[in-house]
Every structure is written in C-alpha cells, then in structure tokens.
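Now for the letters of each chain:
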Amino acid sequence: MPRTLLVVALAQAADWPAADAEITAYARQAGKLAQPGLLWYVPLWHGARALMRGDHADAEACAAELDDLA
C-alpha cells in the first residue's frame, strides 16, 4: 500500500500514533526525493495535526509552506 494511503487509512481509524509515525517516515522519504509533487502532503498532514492539537500558529506555518510549494 502506498504510504499516502496508509496515512489516510490510519487517520480514518483514529490511530494517531501510527499515523504520525507514517507521516514522519513519508516526510523522510519525500525529502530525499525533493519533488514538490510528493512534498506537499507533509505540510498538509502536519497542519491538520496541528489544528487537532489546537496549535493555530503551527497550522498557519504549514499553510504558508503549502502556499510556497504551490
């Protein structure tokens, strides 16, 4: 299963520790490839998790990173 789908499946199952671990692993792999088409998932997921924690400053930083990638 592609890691992107695994992150979505874990999020749907509300397995947040596993989803966070997969996001970290995805970010590591995508960073090595440095392709914007792969990199945009990372700030999207990090921003969503920041909103879940109520960390609006981090969520806005992630939104700005997404804007830069676009």
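As a starting point, this report considers the structure included with it. (Residues numbered from 1 in each chain as written. Predicted model: local features only at pLDDT ≥ 70, side-chain atom pairs only at ≥ 80, totals over all residues. Heavy atoms only, no water.)

## With respect to the side chain of R49
In step 1: Tracing the sequence through the fold places R49 in helix 4 (residues 41–53).
In step 2: Since its relative accessible area comes to 15%, R49 is described here as buried.
In step 3: Residues within four places of R49 in sequence aside, it is in contact with W16, D20 and I23. (Helix = DSSP H or I, 4+ residues; strand = E, 2+ residues; numbered from the N terminus. Buried < 20%, exposed > 50% of the residue type's maximum accessible area, 1.4 Å probe, protein only. Contact = heavy atoms within 4.5 Å.)

## As for the packing of helix 2 (residues 16–33) against helix 4
In step 1: Running from N to C, helix 2 and helix 4 point in directions that differ by 150°, and their axes come no closer than 10 Å. The orientation of helix 2 with respect to helix 4, classified from their angle, is roughly antiparallel. Two packed elements cross with a definite hand, and for helix 2 against helix 4 that hand is left-handed. Note on element contacts: helix 4 touches helix 2 through Y41, V42, W45, H46, R49 and M52, opposite W16, D20, I23, Y26 and A27. (Axes fitted to C-alpha atoms, helices over the stretch in contact; angles between N-to-C directions. Parallel < 35°, antiparallel > 145°, perpendicular 65-115°, else oblique. Left-handed = near helix turned anticlockwise from the far one by under 90°.)

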